[in-house]
Amino acid sequence: MNIEYKNSQIFTPKELQDLFLSVGWISGNHPEKLAEAMKNSGAVFSAWDGDKLIGLINVLDDSIMTAYVHFLLVNPEYHGKGIGKELLRLVMEKYKDYLRILLLSEENATGFYHSSGFVADKTTTAMFRDSF
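Keep in mind that what you see is a predicted model, and the values were worked out from it rather than measured.

### Looking at the packing of aromatic side chains
Reasoning step 1: The final tally for this structure, using the stated rule, is five aromatic pairs.
Reasoning step 2: Judged by centre distance (5.8 Å) and plane angle (65 degrees), the ring pair of Phe20 and Trp25 falls under edge-to-face.
Reasoning step 3: A relative accessible area of 0% means that Phe20 is categorised as buried.
Reasoning step 4: You can call Trp25 partly exposed: its relative accessible area is 23%.
Reasoning step 5: Aromatic pair Tyr95 and Tyr98: ring centres 4.8 Å apart, planes at 85 degrees, arrangement edge-to-face.
Reasoning step 6: What makes Tyr98 buried here is its relative accessible area of 18%.
Reasoning step 7: Taken together, the ring pairs connect Phe20, Trp25 and Phe71 into an aromatic cluster.
Reasoning step 8: Lys6 extends its terminal NZ or CZ atom over the ring of Trp48, reaching a point 4.6 Å from the ring centre.
Reasoning step 9: Residue placement shows Lys94 over the ring face of Tyr95; its charged tip is 5.5 Å from the ring centre.

### A word on the pattern of salt bridges
Reasoning step 1: According to the stated counting rule, one finds five salt bridges in the structure shown.
Reasoning step 2: With a shortest N-O distance of 2.8 Å, Lys14 and Asp18 are connected by a salt bridge. Here Asp18 and Lys14 lie together in helix α1 (residues 13-22), a separation of four residues that amounts to about one turn.
Reasoning step 3: On the basis of relative accessibility, which here comes to 40%, the residue Asp18 falls in the partly exposed class.
Reasoning step 4: For Arg89, the salt bridge goes to Glu86, with nearest N and O atoms at 2.8 Å. One end of the pair is Arg89 and the other is Glu86, both in helix α3 (residues 83-94) and three residues apart, which spans about a single turn.
Reasoning step 5: Arg89 sits in the partly exposed class, given a relative accessible area of 42%.

### Focus on the environment of Leu103
Reasoning step 1: Here Leu103 shows up in strand β5 (residues 100-103).
Reasoning step 2: On the basis of relative accessible area, Leu103 is assigned to the buried category, the value being 19%.
Reasoning step 3: Taking C-alpha positions, Leu103 is 5.0 Å from Val69, a pair spaced 34 residues apart along the chain.
Reasoning step 4: If near-sequence neighbours (up to four positions away) are discounted, Leu103 is found in contact with Tyr68, Val69, Tyr113 and Phe118.

The rules behind each value
Here the residue numbering is sequential within each chain, running from 1 through the sequence in written order. For this predicted model, a pLDDT threshold of at least 70 governs which residues receive local features, and a threshold of 80 or more governs which side-chain atom pairs are given and counted, while totals over whole chains, interfaces and linings are taken from all residues. Each side-chain value is worked out from all heavy atoms of the structure, with water and hydrogens disregarded. Any two rings among Phe, Tyr and Trp, with Trp reduced to its six-membered ring, count as a pair given centres within 6.5 Å; such a pair is stacked if its planes are under 30 degrees apart, edge-to-face if over 60, and tilted if neither. In this scheme, a residue with accessible area under 20% of its type's maximum is buried, one over 50% is exposed, and one in between is partly exposed, where area comes from a 1.4 Å probe on protein chains only. We count a charge as sitting over a ring when the NZ of a lysine or the CZ of an arginine lies within 6 Å of the ring centre and within 35 degrees of the ring normal. The salt bridge definition used is simple: a Lys or Arg side-chain nitrogen within 4 Å of an Asp or Glu carboxyl oxygen. Here a strand is any run of E in DSSP of at least two residues, a helix any run of H or I of at least four, and the numbering for each starts at the N terminus. Whether two residues touch is decided by their heavy atoms; if any such pair falls within 4.5 Å, the residues are in contact.

Structure follows, in structure tokens:
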């Protein structure tokens, strides 16, 4: 297996739908919106196995101080191969001069983020409002 990493914000809706649904994320049911969201992101790095999109990280940023990792996902068939770590490393390199990189983590992924240098902020609560 030869994984290729790309820095691009252009994807087909089908590529995104397949990846997002592979991890069970309902946003995969809105592939056209995902494609548009990627175009409007500050940065998007992706992992490919041939012509198959197998991983993606996208970041929203204010262009100088704060970057927010919005999505980081890897197709479960490729878990444990260091793909998520490499995608996160690419983001950390791009945003190395920013004051803060933020993200929300599902409870089962906190160990992954801790091993990459992230710490939990016990003083805040994540809040959101879905319109799905």
